[in-house]
Amino acid sequence: MTEPKTVAAGAAVTLTGLRKHYGEVRAVDGVDLVIAPGEVVALLGPNGAGKSTTVDMLLGLTRPDTGAVTIFGSSPGNAVADGRIGAMLQGGALLDDATVGETVGMIASLHRNPLRVAEALRGAGIEDLANRRCNKLSGGQKQRVRFAVALVSDPDLLVLDEPTAAMDVQTRREFWLSMQDFTTSGRTVLFATHYLEEAENYADRVVFLSKGRIVADGSVAGVTALTSGRTIKAVLPGATGHALHKLPGVSEVDIRGDRIILSSNESDKALRTLLAEYPQAYDIEVTAIGLEDAFLTLTGHATLSDGGSAPTPPFEGNETR
Ligand code: ADP
Ligand code: MG
């Protein structure tokens with residue numbers, strides 16, 4: 001491609017009616033998504049939501065049952081061949097005996113206009129590991145080598161599937177700092193995660209996936225606002241659900257022994273009325289409904305990260321394509 005990185009015309013990614021079923025399992029069940037150049041999008045969902053299947057179809061590693069993928073106006077295969085996509089998949093293999101520098105150099109040699117190896121290593125924050133053999137790396141370090149591999153083609157679009165899964169807190173923070181260097185140059189990122197705080201802190205836009213479908217799509221604030229309101233907690237012996245439901249804006253009432261939990265979209269009024277009617281209430285707490293609650297409300301799913309970091313099925317492709 002001859003056009004400069006900054007003038008990618010039209011959408012970076014277009015997914016249209018994407019569907020992939022495995023027998024009875026509707027891994028991806030009708031996903032439509034348009035990502036503009038420069039957007040940093042988090043694909044958020046619990047294990048099994050269909051994030052990896054979506055990412056694999058986007059990269060051309062899995063063929064959709066129905067639907068289409070367009071990356072910068074071409075097919076995934078062409079976009080990958082042109083070095084316009086850098087991908088970091090879960091558990092992509094590294095050659096044990098090669099050093100980090102050799103590994104990144106090997107991938108660089110497959111591309112027309114790669115970064116220098118040192119640049120890619122710097123981009124991933126692992127210059128100091130250039131001469132280390134891959135089999136001597138920690139899980140988090142391996143992830144950062146995969147990140148350098150994803151960067152070395154100097155891509156316009158980075159696609160990352162749970163990039164920080166094997167990282168400790170410190171490495172995770174450094175990783176996102178490296179990532180911000182990449183995104184400030186106006187390039188596009190799609191990352192799958194089940195960590196809410198990663199979506200909140202690093203994405204411009206959050207796409208919630210549940211059971212293969214998009215259940216919400218917008219800014220963090222916008223998605224949170226979909227479930228507008230606040231939670232009021234208090235200790236209030238003897239209150240009845242019937243009476244509490246009559247407070248202003250109350251949509252949900254939960255009574256657990258002496259403790260009450262209310263959801264209200266008029267929390268100030270609800271609280272005033274509550275105190276007027278029940279001056280004996282104490283231990284009162286009012287909290288905003290956050291992304292996690294938004295997800296709960298939208299999906300009915302118990303928690304985003306339940307199932308922990310269970311490994312996803314092994315990938316047939318690899319990140320060098
Ligand atoms: P996520 O990445 O969000 O955890 P996946 O896309 O890996 O979700 O999986 C979505 C669903 O599809 C899960 O129920 C998973 O078990 C199933 N699935 C994924 N890949 C395969 C496969 N190759 N064969 C059968 N089922 C699969
Ligand atoms: Mg996955």
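Described below are features of the structure shown in this document.

**Comments concerning the packing of helix 5 (residues 139-151) against helix 6 (residues 169-184)**
No. 1: Close contact between helix 5 and helix 6 brings their axes to 11 Å; oriented N to C, the two are set at 10°. What the angle tells us is that helix 5 and helix 6 run roughly parallel. Where helix 5 approaches helix 6, its residues G140, R144, F147 and L151 are matched on the opposing element by T171, E174, F175, S178, M179 and F182.
No. 2: By residue class, the composition of the contact of helix 5 with helix 6 is five nonpolar, three polar and two charged.

**A few points about the pattern of salt bridges**
No. 1: This model, assessed by the stated rule, comprises 15 salt bridges.
No. 2: Of the charged contacts in the structure, one is a salt bridge between E39 and R205, with a shortest N-O distance of 2.9 Å. Of this pair, E39 sits in the loop between strand 2 (25-35) and strand 3 (40-44) while R205 sits in strand 8 (residues 205-210), placing them 166 residues apart in sequence.
No. 3: Owing to a relative accessible area of 12%, R205 belongs among the buried residues under this scheme.
No. 4: In this structure, K269 and E266 form a salt bridge, with 3.3 Å as the shortest nitrogen-oxygen distance.

**What to know about the side chain of D29**
No. 1: Mapped onto the secondary structure, D29 falls in strand 2.
No. 2: We classify D29 as buried; its relative accessible area is 4%.
No. 3: Here R19 takes part through its side chain, which lies 3.4 Å from a polar atom of the side chain of D29.
No. 4: Reaching out from D29, the side chain makes a polar contact with the side chain of H21 at a distance of 2.8 Å.
No. 5: Contacts of D29, omitting those with residues within four sequence positions, involve L18, R19, H21, K211, G212 and R213.

**Considerations on the site of ligand 1**
No. 1: The immediate surroundings of ligand 1 are formed by 12 residues, with G48, G50, K51, S52 and T53 found nearest.
No. 2: The separation between an oxygen atom of ligand 1 and a polar side-chain atom of K51 is 2.9 Å.
No. 3: The fraction of the free accessible surface of ligand 1 (560 Å²) that becomes covered by protein chains is 70%.
No. 4: Listed by contribution, the elements that provide at least two residues to the shell around ligand 1 are strand 2 and helix 1 (51-58).
No. 5: Looking at which element gives the most residues to the shell around ligand 1, the answer is helix 1, with three residues.
No. 6: Classifying every residue of the shell around ligand 1 by side-chain character gives six nonpolar, five polar and one charged.

**What about the environment of A270?**
No. 1: Assignment of secondary structure puts A270 in helix 10 (residues 267-277).
No. 2: Setting aside its immediate chain neighbours within four residues, A270 contacts I232, L247, P248 and S264.

**Things to note about the sheet that holds strand 6 (residues 157-161)**
No. 1: Read across the sheet, six strands follow the order 5-6-7-3-8-9 without closing on themselves; strand pairing throughout is mixed. The sheet is open, and its two edges are formed by strand 5 (85-88) and strand 9 (213-218), each paired on a single side. When the angles between neighbouring strand axes are averaged without regard to direction, this sheet yields 15°.
No. 2: In the sheet, strand 6 pairs with strand 7 (residues 188-193) via five bridges, with the strands oriented parallel. Directly across from V159, in strand 7, lies its bridge partner L190.
No. 3: Helix-sheet contacts for helix 1 involve strand 3, strand 6, strand 7 and strand 8, and the interaxial angle to strand 6 is about 150°.
No. 4: On top of the sheet, helix 5 reaches strand 5 and strand 6; it is set at about 170° to strand 5, its chief contact.

How each quantity is defined
Residues numbered from 1 in each chain as written. Chains lettered and ligands numbered in written order. Predicted model: local features only at pLDDT ≥ 70, side-chain atom pairs only at ≥ 80, totals over all residues. Heavy atoms only, no water. Axes fitted to C-alpha atoms, helices over the stretch in contact; angles between N-to-C directions. Helix = DSSP H or I, 4+ residues; strand = E, 2+ residues; numbered from the N terminus. Parallel < 35°, antiparallel > 145°, perpendicular 65-115°, else oblique. Contact = heavy atoms within 4.5 Å. Nonpolar A, V, L, I, M, F, W, Y, C, P; charged D, E, K, R; others polar. Salt bridge = Lys/Arg side-chain N within 4 Å of Asp/Glu carboxyl O. Buried < 20%, exposed > 50% of the residue type's maximum accessible area, 1.4 Å probe, protein only. Polar contact = N/O pair within 3.5 Å; in protein donor to acceptor, adjacent residues only side chain to side chain. Near = heavy atom within 4 Å. Areas by Shrake-Rupley, 256 points an atom, 1.4 Å probe, with all protein chains shown as cover. Pairing = 2+ DSSP bridges.

These results come straight from atomic positions and should not be treated as a statement about function.
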